[in-house]
Amino acid sequence: AQTVTQSQPEMSVQEAETVTLSCTYDTSENNYYLFWYKQPPSRQMILVIRQEAYKQQNATENRFSVNFQKAAKSFSLKISDSQLGDTAMYFCAFSISNFGNEKLTFGTGTRLTIIP
Amino acid sequence: DTAVSQTPKYLVTQMGNDKSIKCEQNLGHDTMYWYKQDSKKFLKIMFSYNNKELIINETVPNRFSPKSPDKAHLNLHINSLELGDSAVYFCASSPYARSAETQYFGPGTRLLVL
């Protein structure tokens, strides 16, 4: 079974600073996918970034980037130049590519607050 | 132009009642899912359907019965509601079942059982 661990229940950072959210996972699979989802107060689940495990290059999306360390089973999210709109719960999630089992397994989330 | 929509957004009901939550996606995706988010914000898969066929059923009580009339719809019917069913229920969809494609989530339905 796959597990995802987010060890930081809450974080806060000043606007315009950089913040890194941690995520570790456990799996015996070799081909899998990792995601960061954002859930603002509106409750909507929004995909932030996605990483395929077979790709060595870290994914980036504008101000969001990941540090994917496959051997260490670590997948951290870095938010640069943080903005007030980044305030949200952030969930790390894992999925394998296996017909019949493409469910997302989520971590417990990190509540991020951007301070003006 | 909502990609994944759910109705209702809020549902308040008495214990023992039966209720349904509807989900529709207009993305042309083959696979749809139901997730439950509890009071501690923990998200867990309940069901997935691929082209109207049940693929995943994660040890959910029999009181929960998903129904997929076509691949664009996945409804969730809950019988004999219990206090512990209070949660936010999210519907999601993804293009294919054979690869871990990105899942797109609906806005959620907040269910409160009194």
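Now for a description of the structure that goes with this document. The structure presented is a predicted model; accordingly, all values stated were derived computationally and were not measured.

This part is about the sheet that holds strand E1 (residues 4-7) of chain B. All names here are of chain B. One open sheet holds the 4 strands; their spatial order is E1-E3-E8-E7, and the pairing between them is antiparallel. The open sheet has two free edges, formed respectively by E1 and strand E7 (64-70), since each of these has just one partner strand. With direction set aside, neighbouring strand axes in the sheet form an average angle of 20 degrees.

For the rest of this paragraph, the subject is the nonpolar core. Grouped together as the largest cluster of nonpolar side chains are 26 residues, with contacts concentrated most on A:Tyr25, A:Tyr32, A:Trp36, A:Phe75, A:Leu77 and A:Tyr90. Taken together, the elements giving at least two residues each to this core come down to strand E3 (19-21), strand E5 (32-39), strand E6 (46-52), strand E8 (64-69), strand E9 (74-79), strand E10 (88-96) and strand E12 (110-115) of chain A. Of all the elements, E10(A) adds the most residues to this core, at 5 residues. Setting aside residues up to four positions removed in sequence, A:Tyr25 forms contacts with A:Thr3, A:Val4, A:Tyr32, A:Leu34, A:Phe68, A:Gln69, A:Lys70, A:Lys73, A:Ser74, A:Phe75 and A:Phe94. In terms of nonpolar packing, the next biggest core, distinct from the first, is built from 20 residues, B:Ile21, B:Leu74, B:Leu111 and B:Val113 among them.

Turning our eyes to something else, we now look at the interface of chain B and chain A. Often the size quoted for an interface is simply the accessible area lost on bringing the parts together. Taken residue by residue, the interface counts 28 residues in chain B and 24 residues in chain A. Between chain B and chain A, a total of about 2,200 Å² is buried, with carbon and sulfur atoms accounting for 56% of that surface. Across the chain B-chain A interface, the total number found is 1 salt bridge. A salt bridge links A:Lys103 to B:Glu58; the shortest N-O distance between them is 3.1 Å. Here chain B is connected to chain A by 8 residue pairs in polar contact (both at pLDDT 80 or more). Secondary-structure elements contributing two or more residues to the side of chain B that touches chain A are strand E4 (31-37), strand E5 (43-50), strand E6 (53-57), strand E9 (87-94) and strand E11 (109-113) of chain B. Partitioning the side of chain B that touches chain A into residue classes produces 14 nonpolar, 8 polar and 6 charged.

Rules used in this analysis
Residues numbered from 1 in each chain as written. Chains lettered and ligands numbered in written order. Predicted model: local features only at pLDDT ≥ 70, side-chain atom pairs only at ≥ 80, totals over all residues. Heavy atoms only, no water. Pairing = 2+ DSSP bridges. Helix = DSSP H or I, 4+ residues; strand = E, 2+ residues; numbered from the N terminus. Axes fitted to C-alpha atoms, helices over the stretch in contact; angles between N-to-C directions. Core = buried A, V, L, I, M, F, W, Y, C linked by side-chain atoms within 4.5 Å. Buried < 20%, exposed > 50% of the residue type's maximum accessible area, 1.4 Å probe, protein only. Contact = heavy atoms within 4.5 Å. Buried area = accessible area lost by both parts, 1.4 Å probe. Salt bridge = Lys/Arg side-chain N within 4 Å of Asp/Glu carboxyl O. Polar contact = N/O pair within 3.5 Å; in protein donor to acceptor, adjacent residues only side chain to side chain. Nonpolar A, V, L, I, M, F, W, Y, C, P; charged D, E, K, R; others polar.

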